[in-house]
Amino acid sequence: MNDLTTLRLAADPDGIARAAAILRAGGLVAMPTETVYGLAADATNGQAVARIFAAKGRPRFNPLIVHLPDAAAAQAFVHWSDAAETLARRFWPGPLTLVLPLREGTALSPLVTADLPSLALRVPAHPVAHQLLQEFAGPVAAPSANPSGRISPTTADHVAASLSGRIEAILDAGPCGVGVESTIVGLTGTPTLLRPGGLAREEIESALGLSLADHAGPITAPGQLSSHYAPGASVRLDAAEKRPDEKLLGFGPVPGADLNLSPAGDLVEAAANLFAMLHAIDDGETPIAVSPVPETGLGLAINDRLRRAAAPRD
Ligand code: TXA
Ligand code: MG
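Worth saying up front: this structure is predicted, and the values here are computed from it rather than measured.

J.: Whenever I open this one, the site of ligand 1 confuses me. Can you help?
T.: In the vicinity of ligand 1, 21 residues are found, and the nearest of them are Thr35, His67, Arg122, Ser182 and Arg195. In this structure, Thr35 approaches ligand 1 through a side-chain N or O atom, which is 2.7 Å from an oxygen atom. The contact in question runs from an oxygen atom of ligand 1 to an N or O atom on the side chain of Ser182, over 2.5 Å. Elements with a contribution of two residues or more to the shell around ligand 1: strand S4 (65-67) and strand S6 (118-122). Sort the elements by how many residues they give to the shell around ligand 1 and S6 lands first, with 4 residues. Across the shell around ligand 1, the residue classes tally to 11 nonpolar, 6 polar and 4 charged.

J.: Whenever I open this one, the sheet that holds strand S8 (residues 169-172) confuses me. Can you help?
T.: Within a beta sheet, neighbouring strands are joined by backbone hydrogen bonds and run either parallel or antiparallel to one another. With mixed pairing, the 11 strands of this open sheet are ordered in space as S1-S8-S2-S3-S7-S4-S6-S5-S9-S10-S11. A strand with exactly one partner marks an edge of an open sheet, and here the two such strands are strand S1 (7-10) and strand S11 (213-214). Packed on one face of the sheet, helix H4 (residues 82-91) meets strand S5 (96-101) and strand S9 (183-186) and runs near 160° to S5.

J.: How do you make sense of the packing of aromatic side chains when you look at a structure like this?
T.: Both the distance between ring centres and the angle between the ring planes are used here to describe each pair of aromatic rings. One pass over the structure, following the stated rule, counts 3 aromatic pairs. A centroid spacing of 6.1 Å and a plane angle of 70° characterise the contact between Phe61 and Phe275, whose relative ring orientation is edge-to-face. Pair noted here: Phe61 is in the loop between helix H2 (46-56) and S4 and Phe275 is in helix H8 (residues 267-281), with a separation of 214 residues, a long-range link. We classify Phe61 as buried; its relative accessible area is 4%. Residue Phe275 is classed as buried on the basis of its relative accessible area of 1%. On the basis of an interplanar angle of 40° and a centroid distance of 6.1 Å, the ring pair of Trp80 and Trp92 is categorised as tilted. Here Trp92 lies in the loop between H4 and S5 and Trp80 lies in the loop between helix H3 (71-75) and H4, a separation of 12 residues in the sequence. Owing to a relative accessible area of 9%, Trp92 belongs among the buried residues under this scheme. An aromatic cluster is built from Phe53, Phe61 and Phe275, whose rings are joined through pairwise contacts.

Cut-offs used in this document
Residues numbered from 1 in each chain as written. Chains lettered and ligands numbered in written order. Predicted model: local features only at pLDDT ≥ 70, side-chain atom pairs only at ≥ 80, totals over all residues. Heavy atoms only, no water. Near = heavy atom within 4 Å. Polar contact = N/O pair within 3.5 Å; in protein donor to acceptor, adjacent residues only side chain to side chain. Helix = DSSP H or I, 4+ residues; strand = E, 2+ residues; numbered from the N terminus. Nonpolar A, V, L, I, M, F, W, Y, C, P; charged D, E, K, R; others polar. Pairing = 2+ DSSP bridges. Contact = heavy atoms within 4.5 Å. Axes fitted to C-alpha atoms, helices over the stretch in contact; angles between N-to-C directions. Phe/Tyr/Trp six-rings, centres within 6.5 Å; stacked < 30°, edge-to-face > 60°. Buried < 20%, exposed > 50% of the residue type's maximum accessible area, 1.4 Å probe, protein only.

Given below as structure tokens:
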């Protein structure tokens, strides 16, 4: 994964056009925002989104924030609300992310939401991010452009130091102004502060005319959220072969697979297919067997999700 030549693009019209073309082709671009640099990919391209997780070395599929040029574009993906309208009018573009109920039938890869029924949306204020989003003209998934477990990057050099060779380009617009990540507000129920960040809690509360609830516990483990999808049927992992009563979700060149995450054994392809295939193979009763997936690269995140799917239910 460390064998790409990472281009350093100037934040001028030519550089922005090249960055948009890379996104369209399924590539990864480190994008400046006013908070921190984001690692951007086409949110409708499952393979591109899977590559974000591979580049960051994330051991888990955390849901990603989708970036859009304006609130009108954002509304196409979620069920909008009065509270969302109030906050978007007051604080977008800016360092505020809103989590709203996901609309059915969007073109987003299920990897973006980690298969949750909600979606995090942000309209960044950075002029270069705005121009890139306008030029790309589609939803852009972007976590902070740092390897998993490291601090967020606020300069192109920070990004280059840790992600060179793993991504196609860095769009260099100098240091980020805010320097901490966006504030995340959950609007799927009681308005809740999910992550403190670049926009003060008090400002949000005064705009809404209410106090935000506090989120209990970390939000970095969406698989622990009760709303998270688990198949209705039982799941057997590391299945060497398919038993007569089972359906087989294959990986690699295995015989008899009802669906195959990646016949070629490609972990990026497997990650891109994971959630959609878990849904498709699940009829609610026929037990699901899953071929072994290696514990390397994206295999860590894939196996993490599969273990959650296979865990005993109550
Ligand atoms: O300032 C920022 O927000 C930067 C720039 C690049 O936009 N992005 C960023 O992304 O900080 P990331 O992936 O490092 O952090 C996003 C957080 C994660 O903790 C994730 O779990 C949470 O947002 N998140 C995303 N979607 C969510 C959802 N549907 N429900 C709850 N939490 C969500
Ligand atoms: Mg981050």
